[in-house]
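For reference, the chains in residue letters:
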Amino acid sequence: MIDKQLKPSKYNFFAEDFNGDLIITNLLFNTFAKVSKDKKNLVLSILKGNLESSHYQQSIIDNMNKFNFLIDCDLDEGALLDLQYYNIVYSDERLEITIIPTDACDFNCIYCYQDNECRNYMTEDVQERLIKYLKKNIKKHQQLVISWFGGEPLLAKKTVLRIMEEIKDICTRASVPFVSRMSTNGFNLDFETFQKLTSLHVLHYQITIDGVPEIHNKQRPHKSGKNSFDTIVDNLKKIRDDYKSKNISIGLRINTTPQIVERMNDFLDFLQQEFGDDKRFSIIWEWVRDWGGEKILYQNHAIVKSPSLLTAWMDESTKRGLSSIDLYLFKNGLGLCEACKKNGYIINYDGTVCKCTLAINDANYRNTNTVGILDPFGKMNIDNKKLSKWLIREPKEKCLECVVLPYCMSASCPYGNKILQSENCPPIEELLPYLLRNYSSQGKIPTLEGDNIYGS
């Protein structure tokens, strides 16, 4: 007889593997387990509330409780989720800073929301303000995460390297661990530059390749007319072959359009051949939407209304042994960008402190987005009235019953949901089965079953 002091968690999510095995994840507790197909109906019955049967043995209940698929009846999961939310949003443990060293870019991507005429670079004065701020404040935090964004950050390579050298020294002296990531088009990521960046803890990269060469070069052309695809891929191959450490990750982002899908089979052949055996490389699945700006108004043919256009290809890539970035899987609250967090800031090239990269180029909301400025003494002067518009969440009724609430916590995109007053719900529930299958194929999910777990 089942111990009636347990109940199924409301945040259990189920998917099937390619061979029919059941994959279970709990999004509140970040647990995963796999159940063989001949036992899945039994497990599903328990996890759907059928808690009485003479066929169960205590060991299966213990295992489900261990993975938090079954939880104590008196546990208030909503209260626990709220606590986790406040710990993530208001904690001083982690300082997250995105730095925009320039708003200039050498590409002319068809869907980009940024202005082609931007040519601004961070001055030495602003660099000094940022360095002074970090020196004064780093000991208030237990971890520092630096993200590089643009424009194209490697057009300001000297600035990036100089600031990272200072950050490495500051954090070493303060004994505060730090890591850095970069969103770059990859055109200027030659091997020498890559080596310098990794030596300074820039270890995670997002680089977009939009399909086969003919399509990529149309969607992401270099302003000079150069073949951007070949240069990017040559840089990546050099990293693949000559950088031996496993301490890096490179996400190959695909901004999917109908045109890419027409040649997706060929593109996956290419990715499989060039990067399929190197698990440092993974696919980031995206689809072209209206991210703002003027260009997208003339690119209706490229807009994709939902991720359903690419989900079958996510499964196909998994079958080919390609890894997908598990953006949704590693911990709750991962859907909260730095705009949601008290200690998450964007330092723009001019020293202004912002919350959202999308809103920086939106003239209607630029003032709302600019919540402060770095002064010459390294103090971050913040307008709390503006800041509150980004931090305070307002859960909708439907959110409270959503199985994937622990991912976004009703606060995933304050720019869309609060500033623009538009419904901006992440499609996690639609994408999660495909990502779980990919995660499972990499051997990362333990088995719930064991000897003598099930009654005969």
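Here the structure is a predicted model, which means the values were calculated and not measured.

Draft legend 1. Structural detail: helix H11 (residues 308-319). For H11, the set of buried residues is Leu310, Thr311, Met314, Asp315, Ser317 and Thr318. Taken down its axis, H11 places every buried residue within 160 degrees of arc, on the same side. Along H11, exposed side chains directed more than 90 degrees from the buried face belong to Ala312 and Lys319. Buried residues belonging to H11 abut strand E10 (249-256), helix H10 (264-275), strand E11 (281-287) and helix H17 (428-441). Following H11 by one or two positions, glycine 321 adopts a phi angle in the positive range, close to 85 degrees.

Draft legend 2. Fine view of the packing of aromatic side chains. Here the structure, examined in full by the defined rule, presents 13 aromatic pairs. Considering the side-chain rings of phenylalanine 107 and phenylalanine 187, the 6.0 Å spacing of their centres and the 75 degrees angle between planes classify their relative orientation as edge-to-face. In this pair, phenylalanine 107 sits in the loop between strand E6 (94-99) and helix H4 (124-137) while phenylalanine 187 sits in the loop between strand E8 (178-183) and helix H6 (191-199), placing the two residues 80 residues apart along the sequence. By relative accessible area, which is 12% here, phenylalanine 187 ends up buried. An angle of 50 degrees between the planes, with centres 5.6 Å apart, marks the rings of phenylalanine 229 and phenylalanine 270 as tilted. With phenylalanine 229 in helix H8 (residues 228-242) and phenylalanine 270 in helix H10, the pair connects residues that are 41 residues apart, well separated along the chain. Residue classification places phenylalanine 229 among the buried residues on the basis of a relative accessible area of 4%.

Draft legend 3. Just the sheet that holds strand E3 (residues 22-26), in detail. Strands sit in the order E2-E3-E4 across an open sheet of 3 strands; the sheet is antiparallel. The strands lining the two open edges of the sheet, one partner per strand, are strand E2 (12-16) and strand E4 (31-35). With strand direction ignored, the average angle separating the axes of adjacent strands in the sheet is 20 degrees. Bridge count between E2 and E3: 5 bridges; the pairing is antiparallel. Residue alanine 15 lies in a different strand from E3, and its bridge partner there is isoleucine 23. Across the sheet, helix H1 (residues 40-47) touches E2, E3 and E4, and the angle it forms with E3 is around 30 degrees.

Draft legend 4. Highlighting the pairing of strand E9 (residues 202-208). Taken across its 7 residues, E9 has 5 buried, putting it largely inside the fold. Where E9 lies against E10, 5 bridges are found, and the strand directions are parallel. Residue pairing across strands places glutamine 206 opposite glycine 251, the latter belonging to E10.

Draft legend 5. Expanded view of helix H5 (residues 157-174). Compared with an ideal rise of 1.5 Å per residue, which puts 18 residues at 26 Å, H5 spans 26 Å between its outermost C-alpha atoms and is within 8% of the ideal. Taken together, the buried positions of H5 are Thr159, Val160, Leu161, Ile163, Met164, Ile167, Ile170, Cys171 and Ala174. Packing partners of the buried residues in H5 comprise E6, H4, strand E7 (143-148), E8, H6 and E9. The first or second residue beyond H5 is serine 175, which carries a positive phi of 55 degrees.

Each value, and the rule that gives it
Numbers given for residues are sequential positions, taken from 1 along each chain in its written order. Where totals are concerned, whole chains, interfaces and linings use all residues; where local detail is concerned, this predicted model gives features only for residues with pLDDT of at least 70, and gives and counts side-chain atom pairs only at 80 or more. Only hydrogens and water are set aside; all other atoms, that is, all heavy atoms of the structure, feed into the side-chain values. Here the term buried applies to any residue with accessible area under 20% of the maximum for its type, exposed to any over 50%, and partly exposed to those in between, with areas from a 1.4 Å probe on protein chains only. Helix and strand assignments follow DSSP, with helices taken as H or I runs no shorter than four residues and strands as E runs no shorter than two, numbered in order from the N terminus. Arc definition: it is the arc formed by the directions from the helix axis to the C-beta atoms. Any two residues having at least one pair of non-hydrogen atoms within 4.5 Å are treated as being in contact. Any two of the Phe, Tyr and Trp rings considered here, Trp counted by its six-membered ring, make a pair once their centres fall within 6.5 Å; the pair's planes then place it as stacked at under 30 degrees, edge-to-face at over 60, or tilted in between. Paired strands are those between which DSSP finds at least two bridges. In this analysis, axes come from line fits to C-alpha atoms, helices being fitted only over the stretch in contact, and the angle between any two N-to-C directions falls in the range 0 to 180 degrees. A helix is expected to span 1.5 Å for every residue after the first.

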